[in-house]
Every structure is written in C-alpha cells, then in structure tokens.
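# A structural walkthrough
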Amino acid sequence: MFCPKCGSNVPAGSRFCPKCGEPTPQQPGMPGQPGMPGQPGMPGIGYPEYYPPQKPGGNKNLPIIIGAVVAVVAVVLFLVFVVFKPFGGGGTSPEGVAKEYIEAQIRGDVDKIISLNSSDIRSAYAERSFDGDEDEMRDYLEDMYDSSVDYLDDMYGDDWTFEVEVEDVDEYDEDEVENIADDLESMYDEKIDFEGAAEVEVSLKILDSDGDEQEDSSATVYLIKQNGKWYTLSF
C-alpha cells in the first residue's frame, strides 16, 4: 500500500504513513491531494476611560505611572499572543477542530493547519521528515497547498466556494487510545503523551462560481486530546 499524500510505501495494517504521518486510506477519504477532491498524484487593553480623582497629598504622577504600566502590559500581551503564540492552536471539541482543519486545507491556510497540530506532533513530524527544520516543513506544506488551491481555481474558476459539515464523531475508548499511542511511538520513535483520541467524519462540497455543486466528498480526521485541547494528527 502506498501513501496518498507522499507516495511512500506503507506497511500493511499501519494507521499512518511512516514518512509524512498521513492517515492510511483504511477509512473513507477524499482522493488526491490531502483533503482535495479529484486530483491524483501528489501525494489561525484598553486604557481606563478615566483616572480616579487624587486625594490631597496623593501621587500626582499616578496617572502617568498607570498609563505606562498599561502600555507595557499591552506590548507584552501582543508579543505573547501574536508573535510567540505559546498557547495557540487546538480547540475545545473534536468536531470543531476537524471542521477547521478541512476548511484550512481547502483554503490552503498553512498557518492554521500547523496550529491545529500539537507542538509535540509538529516537532516529531519535522524531525522525522525534515531533519527537525520546521521552516523547511512549512515551505513544503505551502508549496503543496498552493498547488492544491491553484488546481481548484483551474477546475472551478476564481469564485468557487465550499461547504464543510461534521457527519459523525467517535471518541475512542482507553484501549483505542493506547493503540494510537503505540502507533505514534512507532512512527516517530518517541512517546507522545495525550489523554484522549477521536475520529470525525466530515463531508465536503465544492461549488463552482455559479453556485452549482461540483464535488461531494468525505474524509476522516483523526485527533488527539492534550491538556484539555484537541489537535489533528495530519498536516
């Protein structure tokens, strides 16, 4: 059996491709590009409105101090949540993350796709396939998804749209979670800790520029739960 994303040989019975981590086509999925139908081959403080009146003998510089503190806090929050994004990614429900993931694939939103994978999976995938170089991993994904979006533009015109719906959610029991953990450890040669796993069946419709339905496909999205948040297992 060969991986539908990268074309690598996949041992019989494996849930994921040992090269790129793509789930094997044992479950129904969209043919061609990852999440893309029909294409064979390749393989995301305000300042206080007023200051309280000063008491006699109070610090006359207090408004300036407060303003400076608030400004510093605003800068720190910007750096934390916009630049570094240490807590970004994932989601609170498997169905929500699965839908976001398929939508990001169709749009070619690589930043969103990466954010929907946990830092453990992202690092392990980059280490296995790109010698740990996450920039190279990003470049590879951007090239791949740019090609997919170009293909859809060529097929359906620049104004095509899509609809994604969650059809079914199956949260795994303890034994199934252990099986996923074993598969991931075998694939990445390291143990990845998580407390839950699930699979979500998602349907996808592609509409052309006239609003006519052109494709009606389905996919299975695999997810794990880490520290209360859900993440996908595929790029």
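Summarised in this report is the structure supplied together with it. (Residues numbered from 1 in each chain as written. Predicted model: local features only at pLDDT ≥ 70, side-chain atom pairs only at ≥ 80, totals over all residues. Heavy atoms only, no water.)

## Regarding the overall build of the protein
Using the following cut-off: Secondary structure follows DSSP: runs of H or I at least 4 residues long count as helices, runs of E at least 2 residues long count as strands, and numbering of each begins at the N terminus. Three exposure classes are used, based on accessible area relative to the maximum for each residue type with a 1.4 Å probe and protein chains only: buried under 20%, partly exposed in between, and exposed over 50%.
Assigned secondary structure in the protein consists of 6 helices and 4 strands. Along the protein, from the amino end to the carboxyl end, the secondary structure elements read α-α-α-α-α-β-α-β-β-β. Burial analysis of the protein (235 residues in total) assigns 40% to the buried set.

## Some remarks on the pairing of strand β2 (residues 196–207)
We apply this condition: Think of it this way: DSSP has to see at least two bridges between two strands before they count as a pair.
Burial of β2 is extensive: 11 of the 12 residues sit out of reach of the surface. One ladder, built from 10 bridges, connects strand β1 (residues 161–171) with β2; its direction is antiparallel. From the neighbouring strand, V169 faces β2, where its bridge partner is V200. In textbook terms, the turn of a hairpin is the stretch between consecutive antiparallel strands, and for β2 and strand β3 (residues 213–226) this stretch comprises 5 residues, one of which, G211, has a positive phi near 85°.

## With respect to the sheet that holds β1
As a reminder of what qualifies: Orientation is described by axes fitted as lines to C-alpha atoms, over the contacting stretch for helices, and by angles from 0 to 180 degrees between their N-to-C directions.
Pairing is antiparallel across the open sheet formed by 4 strands, whose spatial order is β1-β2-β3-β4. Each having just a single partner strand, β1 and β4 (229–232) make up the two edges of the open sheet. Recorded for the sheet is a direction-independent mean angle of 30° between the axes of neighbouring strands.

## A short note on the nonpolar core
For clarity, the cut-off: Residues grouped as a nonpolar core are buried Ala, Val, Leu, Ile, Met, Phe, Trp, Tyr and Cys residues, joined through side-chain atoms within 4.5 Å.
Ranked by size, the top nonpolar core spans 47 residues in total, and within it I102, I121, L141, I180, Y188 and F194 carry the most contacts. Elements with a minimum of two residues in this core: α2 (94–107), α3 (110–115), α4 (119–130), α5 (134–156), α6 (174–188), β2 and β3.

## Quick look at the side chain of S234
To keep it simple, the criterion reads: As used in this structure description, the phrase polar contact means that two N or O atoms lie within 3.5 Å; if the pair is within protein, one of them must be able to donate a hydrogen and the other to accept it, and residues adjacent in sequence are counted only when both atoms belong to side chains.
Structurally, S234 is set in the segment after β4. For S234, a relative accessible area of 6% corresponds to the buried category. Side chain to side chain, S234 and Y101 meet in a polar contact 3.2 Å long.

## Some details on the packing of α4 against α6
Heads up, the condition is: Any two residues whose heavy atoms approach within 4.5 Å are treated as being in contact. Under the grouping applied here, Gly and all other residues not named as nonpolar or charged are polar, the nonpolar ones being Ala, Val, Leu, Ile, Met, Phe, Trp, Tyr, Cys and Pro and the charged ones Asp, Glu, Lys and Arg.
At a closest axis distance of 10 Å, the pairing of α4 and α6 adopts a crossing angle of 35°. Residues I121, A124, Y125 and R128 of α4 form the contact with α6, whose participating residues are L184, M187 and Y188. Among the residues making up the contact of α4 with α6, the classes are represented as 6 nonpolar, no polar and 1 charged.

## What about the pattern of salt bridges?
Convention followed: Only one rule defines a salt bridge in this text: a Lys or Arg side-chain nitrogen within 4 Å of an Asp or Glu carboxyl oxygen.
Under the defined criterion, the tally for this structure stands at 5 salt bridges. Two residues, D111 and R138, come together in a salt bridge whose shortest N-O distance is 2.2 Å. Here D111 is found in helix α3, whereas its partner R138 is found in helix α5, with 27 residues between them in sequence. The exposure class of D111 is partly exposed, given its relative accessible area of 46%. Put simply, R122 and E134 hold a salt bridge, and the shortest N to O gap is 3.6 Å. Of this pair, R122 sits in helix α4 while E134 sits in helix α5, and the two are 12 residues apart along the sequence. We classify E134 as partly exposed; its relative accessible area is 32%.

## Looking at α4
Heads up, the rule is: The length a helix should cover is 1.5 Å for every residue beyond the first.
Spanning 12 residues, α4 covers 15 Å between terminal C-alpha atoms, matching the ideal 16 Å at 1.5 Å per step. Those residues of α4 that fall on the buried side of the exposure criterion are I121, R122, A124, Y125, A126, S129 and F130. Against α3, α5, α6 and β3 lie the buried residues of α4. Note on α4: the residue one or two positions beyond its end, D131, has a positive phi of about 55°.

## Re the packing of aromatic side chains
Definition in use: Put simply, two rings from Phe, Tyr or Trp (the six-membered ring, in Trp's case) pair if the centres are within 6.5 Å, and we call them stacked under 30 degrees between planes, edge-to-face over 60, tilted for the rest.
Here the structure, examined in full by the defined rule, presents 4 aromatic pairs. Plain terms: the ring middles of Y125 and F235 are 4.4 Å apart, the flat faces sit at 20° to each other, and that makes the pair stacked. A residue pair is termed long-range when its members are at least 10 positions apart, and Y125 in helix α4 and F235 in the segment after β4 qualify at 110 residues. As far as the burial class goes, Y125 and F235 line up, both buried. The interplanar angle of 40° and the centroid separation of 6.2 Å between the aromatic rings of W160 and F162 together place this pair among those described as tilted. Judged by relative accessible area, W160 falls into the buried class, the value being 12%.

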